[in-house]
Amino acid sequence: MASFRAAQVLYERACRARGYKESTINTAMANLKPFFSFIRDRGIADLRDVRRSHIVSFLEASEATHAKNTRRGMLISIRRLFRVLYEQKKIIMLPTGHLSFKAGLAAPKEILSEDGMNIFLSSIDIRARQGLRDKALFELFYSSGLRSREASRLLVKDLNPKTAQVYIRSSKNYQDRLVPITNLALRAMEAYLPSGTHPDRPLFLSDHGAALRPQSINRRFLKWARHSGVYHKRLTVHSIRHSCARHLLARGAHLRFVQELLGHKSVQSTELYTTENDENLRRIYKQYHPRENSLHVDVEEDYMREVGRLASELKYYLSRHGAWHPGIMSFSGGREY
């Protein structure tokens, strides 16, 4: 159980381990008190039950009683708290994704559902001027989670139809990567590109024969989003990248795969896309995990320390003797099977 008191103790220890000044730690503890009071008043006694919406509501409610800098400090302390709980495996999802005063407290940029993406892509009229190009462009965006700048820099030779892959050069983190593309995106590409196209030509051309710029890509996206009826105020072409990541994770793709596909330097950036599935995942987890449902009683800390001590002694014994012991494990010549 992630109780308030236990969370404070973990947070305080983590701050000291990272070399924070005592005054910084005291300020952080003071910042957390009104947040704990706020969620306790709403019937929440376990930090595993805190949602992003609770944090946003707290910050909005504190606007009338606290200065902006104070509220910013509160948010920093809350984010650090949940990061510590996550690292200590006390919670399984971060409810603080996309929360910052710089980006605003509103929800992350609008994404499209799977149905919404299908409607958007199907609505692109390939008979319209530049329709074939736009169809290929946005199929590739959704297929491979591209950034607009990455798409703008693509050359014809970066597309490999034989392996169904596209080579991304000099991405945001100055790293190249090779990513797969779907058959639908590949077919759209083949319909768009004339045979014998020069390999060093920009893959997506503007009306003037130059590489299509990121701003133009976003304008074309908004045009087709309005045409299809899926347009929302917060939509941008980057929403396709968000949608690709969210849909892959929702269907069970491994977080590391999505990280590589998107070209994220840190897996923590990719973790932000898991926040939408937070509520369902938590509900299923709490309902079915044998040590999380109502039948489980938290194990005492003293007992857990004793288990750790015995495990250490067992590891030492096996490293010294390399022998099999009945009831412990199969062991032969120092290798486990």
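Treat the numbers as computed from the prediction; the structure is a model and nothing was measured.

Undergrad: Any chance you could explain the pattern of salt bridges here in plain terms?
TA: When charged atoms on two side chains of opposite charge get close, those side chains can pair. A complete count under the given rule lists 14 salt bridges for this structure. Of the charged contacts, one joins aspartate 46 and arginine 48 as a salt bridge, the two residues approaching to 2.6 Å between their closest N and O atoms. Since its relative accessible area comes to 7%, aspartate 46 is described here as buried. Classification of arginine 48 by relative accessible area gives buried; the value is 18%. For arginine 177, the salt bridge goes to glutamate 150, with nearest N and O atoms at 3.0 Å. Within this pair, whereas arginine 177 is found in strand S3 (residues 177-180), its partner glutamate 150 is found in helix H7 (residues 148-153), the two being separated by 27 residues in sequence. When its relative accessible area of 9% is taken as the criterion, arginine 177 is described as buried.

Undergrad: Sorry, what's going on with the packing of helix H6 (residues 131-144) against helix H8 (residues 183-192) here?
TA: At a closest axis distance of 8 Å, the pairing of H6 and H8 adopts a crossing angle of 155°. By the angle between their axes, H6 is roughly antiparallel relative to H8. The two elements H6 and H8 meet at a crossing, and its hand is left-handed. Every residue of H8 that contacts H6 at Leu132, Arg133, Lys135, Ala136, Glu139, Leu140 and Ser143 is listed here: Leu184, Ala185, Ala188, Met189, Ala191 and Tyr192. Taken together, the residues that form the contact of H6 with H8 break down as nine nonpolar, one polar and three charged.

Undergrad: What should I look at first to understand helix H1 (residues 4-17) in this one?
TA: Structural remark: α-helix, 3.6 residues per turn; residues separated by three or four positions point the same way. Taking 1.5 Å per residue, 14 residues should reach 20 Å; H1 reaches 20 Å between its end C-alpha atoms and fits that length. Three or more residues of H1 are buried, namely Phe4, Ala7, Gln8, Leu10, Tyr11, Ala14 and Cys15. Here the buried residues of H1 occupy an arc of 165° about the axis, which is enough to place them on one side. Across from the buried face of H1, at angles greater than 90 degrees, the exposed residues are Arg5, Arg13 and Ala17. On its buried face, H1 is in contact with helix H2 (22-41) and helix H4 (68-87). The first or second residue beyond H1 is glycine 19, which carries a positive phi of 80°.

Undergrad: Can you walk me through the nonpolar core in this structure?
TA: Burial of nonpolar side chains together is a common tendency in soluble globular proteins. Ranked by size, the top nonpolar core spans 41 residues in total, and within it Phe120, Phe138, Phe141, Phe204 and Phe221 carry the most contacts. Looking at this core, the elements that each hand over two or more residues are helix H5 (114-123), H6, strand S2 (165-168), H8, helix H9 (214-228) and helix H10 (238-250). The next biggest cluster of nonpolar side chains, apart from the first, holds 29 residues, and it includes Ala14, Met29, Leu32 and Leu59.

Undergrad: Please clarify how the packing of aromatic side chains should be interpreted in this entry.
TA: For any pair of aromatic rings, the description consists of the separation of the ring centres together with the inter-plane angle of the planes. Taken as a whole, this structure holds ten aromatic pairs when the rule is applied. Relative to phenylalanine 36, the ring of phenylalanine 4 has its centre 4.8 Å away and its plane inclined at 10°; by these criteria the two rings are stacked. Separated by 32 residues along the polypeptide, phenylalanine 4 in helix H1 and phenylalanine 36 in helix H2 bring together distant segments of the chain. Like phenylalanine 36, phenylalanine 4 is buried. Residues phenylalanine 120 and phenylalanine 138 carry aromatic rings whose centres are separated by 5.6 Å and whose planes lie at 65° to one another, so their mutual orientation is edge-to-face. Residue phenylalanine 120 is found in helix H5, and its partner phenylalanine 138 is found in helix H6; the two are separated by 18 residues along the sequence. Among the residues examined, phenylalanine 138 registers a relative accessible area of 0% and is labelled buried.

About the thresholds
- Residues numbered from 1 in each chain as written.
- Predicted model: local features only at pLDDT ≥ 70, side-chain atom pairs only at ≥ 80, totals over all residues.
- Heavy atoms only, no water.
- Salt bridge = Lys/Arg side-chain N within 4 Å of Asp/Glu carboxyl O.
- Buried < 20%, exposed > 50% of the residue type's maximum accessible area, 1.4 Å probe, protein only.
- Helix = DSSP H or I, 4+ residues; strand = E, 2+ residues; numbered from the N terminus.
- Axes fitted to C-alpha atoms, helices over the stretch in contact; angles between N-to-C directions.
- Parallel < 35°, antiparallel > 145°, perpendicular 65-115°, else oblique.
- Left-handed = near helix turned anticlockwise from the far one by under 90°.
- Contact = heavy atoms within 4.5 Å.
- Nonpolar A, V, L, I, M, F, W, Y, C, P; charged D, E, K, R; others polar.
- Expected span 1.5 Å × (residues − 1).
- Arc of directions from axis to C-beta.
- Core = buried A, V, L, I, M, F, W, Y, C linked by side-chain atoms within 4.5 Å.
- Phe/Tyr/Trp six-rings, centres within 6.5 Å; stacked < 30°, edge-to-face > 60°.

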